[in-house]
Amino acid sequence: AMIGLFIINAAGAEARTLAAVNTLAGLRVSDVMTPGPVIAPAAFSVAAFIDIAAYCRQDVFPVADSGGALAGLVFPDTLARVPPADRTEATLGQVAVAVPPAYLAAPDDPAGPLLLRAALHGQVAAVVLDHGRVTGLVTTDDLRVAVRRSRWRLPSAGDRSGGQTSWSADER
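This structure is a prediction, so every number in the text was calculated from the model and none was measured. (Residues numbered from 1 in each chain as written. Predicted model: local features only at pLDDT ≥ 70, side-chain atom pairs only at ≥ 80, totals over all residues. Heavy atoms only, no water.)

For the rest of this paragraph, the subject is unusual backbone geometry. The phi angle at His 121 is positive, at roughly 50°, despite the residue not being glycine. Looking at the element boundaries, His 121 is found in the loop between strand 5 (104-105) and strand 6 (124-130). Look at His 121 and you get partly exposed, because its relative accessible area is 38%. Positive phi, normally seen in glycine, also occurs at His 131, with a value near 55°. Looking at the element boundaries, His 131 is found in the loop between strand 6 and strand 7 (133-139). (Helix = DSSP H or I, 4+ residues; strand = E, 2+ residues; numbered from the N terminus. Buried < 20%, exposed > 50% of the residue type's maximum accessible area, 1.4 Å probe, protein only.)

What follows is the structure, given as structure tokens:
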């Protein structure tokens, strides 16, 4: 009985994932990404960056080398693992998490396939590069919002409006 329940749950999760991928059909990575993230220089010390990161709205930071190329990502837990006594000497380039090639995307890539893989550190679906430079991040939050908003746009069966909606005063 437990094996059957597991199989049913797994099949349901797969169906939900495929439905979510379908809701993003036609959307590009640039449509769902957070553009222009704060990019941290690899040469910055962990201590200096913690002071700066405390005032930023993003939790994940791309790290770039002196030439502007992606050197990795820094997550809050990455910074927290550096012992306080070592933070002034340790650089972001030394502690950054490498980004596997599968997690690099171009702005014009389709967004849907990003839902089909586990996020890096549970947070990042893709680092968006344009001509070798970081132009955005796609986080799990970005994908959640994109799926929710895409579901709003989908026309229902028999709807001939093409997803266009007109509102009356009573519906607002």
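Where charged atoms from two side chains of opposite charge approach closely, those side chains can pair. The tally for this structure, following the rule as stated, stands at two salt bridges. A salt bridge links Arg 81 to Asp 77, with the shortest nitrogen-to-oxygen separation between them at 3.1 Å. Look at Arg 81 and you get exposed, because its relative accessible area is 53%. (Salt bridge = Lys/Arg side-chain N within 4 Å of Asp/Glu carboxyl O.)

Read from one edge to the other, the open sheet built from four strands follows the order 1-7-6-5, with strand pairing classed as mixed. The open sheet terminates on both sides in strands that have one partner only, identified here as strand 1 (34-35) and strand 5. Direction of pairing for strand 5 relative to strand 6: parallel, over a ladder of two bridges. Bridge assignment links Leu 104 to a residue of strand 6, and that residue is Val 127. (Pairing = 2+ DSSP bridges.)

Another point: the pairing of strand 7. Burial within strand 7 is extensive, with five of its seven residues counted as buried. In this sheet, strand 7 lies alongside strand 1 in antiparallel orientation, the contact comprising two bridges. Along strand 7, the bridge assignment pairs Thr 34 with Leu 137. One ladder, built from six bridges, connects strand 6 with strand 7; its direction is antiparallel.

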